[in-house]
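# Examining the three-dimensional arrangement
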Amino acid sequence: MPGPEVLLYGLPLAFLAGFIDAVAGGGGTITLPTLFFMGLSPAQVVATNKLLAIFGSASSTFQYWRKGHLELALLVRLLPLALIGSAFGAYLVHFVNPDAFRTLIGVVILGVGALVLVNKRFGLEDHYPGLTARTLALTLPGAFVIGIYDGFLGPGTGTFLMFLFALAGFNLVGASGNARFINLATNLGAFVFFLIGGKMVFWIGLPMGVANALGATLGARMAMLRGSAFVKWMYGGIVLLVSVRLLFGG
């Protein structure tokens, strides 16, 4: 078991991860390797990461909600499907090796990022039409499929959610806020599961969670202040980071 000195680098990295995650998702690409580097077992890493991620996702969700960037009428319809999908994805892990899909998902997420960046106007303006049949036909199955991916593999879930909400017509600030809400819910569901398993290292997860929440607060405020153009280029960077982890990080 590591000593308290690991927090000297764990806290600033958790802060950075919270900032990035609040803007464009992908904070786990920083916190998961950090926890591994601290010397935790794989089970402790995954469980403790969910503990600290709750702090960050709750903080950023609150910031986006406070400024009116959450579409709650849509989110309450998507939430059950995302949770069911996440549970189903976790169940599938017992039968299918997730490593077989890492390369495929890495390529897919690179393609998603390219579409966002090449289309100069994508996500810069808000065209959300409300709870139309088209909106629900797109987002309901989308939330379920992304939920499955979250439970099955995980990295890039927030990135995929942002793309889904942007396709539904939200600008990237609104897409980020809505994605954080769904991520918070799936994090809470996983947190209960891992809490029962007893693998969380609380003396690491709690202080890193506070640092993550502070970074997330700053990141959400920066995204809302700088607007969708800022989020778009941050999004592109996170897509690259997540893809590298999936394709080469194991």
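In what follows, the accompanying structure is described. (Residues numbered from 1 in each chain as written. Predicted model: local features only at pLDDT ≥ 70, side-chain atom pairs only at ≥ 80, totals over all residues. Heavy atoms only, no water.)

## Observations concerning the packing of helix H2 (residues 28-37) against helix H3 (residues 42-66)
Relative to each other, H2 and H3 sit at 135°, their axes nearing to 9 Å. Considering their axes alone, H2 and H3 lie oblique with respect to each other. Crossing hand, H2 versus H3: right-handed. For the pair H2 and H3, the contacting residues are Thr-31, Leu-32, Leu-35 and Phe-36 in the first and Pro-42, Val-45, Thr-48, Asn-49 and Leu-52 in the second. (Axes fitted to C-alpha atoms, helices over the stretch in contact; angles between N-to-C directions. Helix = DSSP H or I, 4+ residues; strand = E, 2+ residues; numbered from the N terminus. Parallel < 35°, antiparallel > 145°, perpendicular 65-115°, else oblique. Left-handed = near helix turned anticlockwise from the far one by under 90°. Contact = heavy atoms within 4.5 Å.)

## Here we look at empty space enclosed by the protein
One pass over the structure, following the stated rule, counts one cavity of 30 Å³ or more. In this structure, the largest cavity encloses a volume near 40 Å³. Taken together, Ala-82, Ala-143, Ile-146, Gly-147, Asp-150, Thr-157, Leu-161, Ile-182 and Thr-186 make up the full set of residues lining the largest cavity. Contributions of two or more residues to the lining of the largest cavity are made by helix H6 (133-152), helix H7 (157-167) and helix H8 (172-197). Broken down by element, the residue count for the lining of the largest cavity peaks at four residues, all from H6. A breakdown of the residues in the lining of the largest cavity according to their chemical character gives five nonpolar, three polar and one charged. (1 Å grid on protein atoms, 1.4 Å probe; cavity = no way out; pocket = protein on both sides within 12 Å on 5 of 7 lines; lining within 4 Å. Points joined across faces, edges and corners; volume = space filled by probe spheres on them. Nonpolar A, V, L, I, M, F, W, Y, C, P; charged D, E, K, R; others polar.)

## Quick word on the environment of Val-23
Tracing the backbone shows Val-23 in helix H1 (residues 7-24). Placed 152 residues apart in sequence, Val-23 and Ala-175 show a C-alpha to C-alpha distance of 9.9 Å. Once residues within four sequence positions are removed from consideration, Val-23 is found in contact with Tyr-64, Met-162, Ser-176, Arg-180, Gly-219, Ala-223, Phe-230, Val-231 and Met-234.

## Considering H7
Most of H7 is tucked away: 10 of the 11 residues are buried. Thr-157, Gly-158, Thr-159, Phe-160, Leu-161, Met-162, Phe-163, Leu-164, Phe-165 and Ala-166 are the residues of H7 that are buried. In the segment just after H7, Gly-169 is the residue with positive phi, at about 115°. (Buried < 20%, exposed > 50% of the residue type's maximum accessible area, 1.4 Å probe, protein only.)

## Considering the nonpolar core
Nonpolar side chains tend toward joint burial in soluble globular proteins. Counting residues in each nonpolar core, the largest one holds 49 residues, and the members touching the most others are Val-23, Phe-160, Phe-165, Phe-170, Ile-182, Val-231 and Tyr-235. Looking at this core, the elements with two or more residues in it are H1, helix H4 (72-92), helix H5 (99-118), H6, H7, H8, helix H9 (202-226) and helix H10 (228-249). Apart from the residues within four sequence positions on either side, Phe-170 is in contact with Glu-71, Leu-74, Gly-123, Glu-125, Asp-126, Tyr-128, Phe-165, Ala-175 and Asn-178. (Core = buried A, V, L, I, M, F, W, Y, C linked by side-chain atoms within 4.5 Å.)

## Side note on the layout of surface pockets
In this structure, the largest pocket spans a volume of roughly 1,200 Å³. Lining the largest pocket are 43 residues, and of these Val-46, Lys-50, Asp-150, Leu-153 and Gly-154 sit closest to its centre. Elements represented by at least two residues in the lining of the largest pocket include exactly H1, H2, H3, H4, H6, H7 and H8. Take the lining of the largest pocket: its biggest share by element is eight residues, from H3.

So yeah, pure geometry; function would need other evidence.
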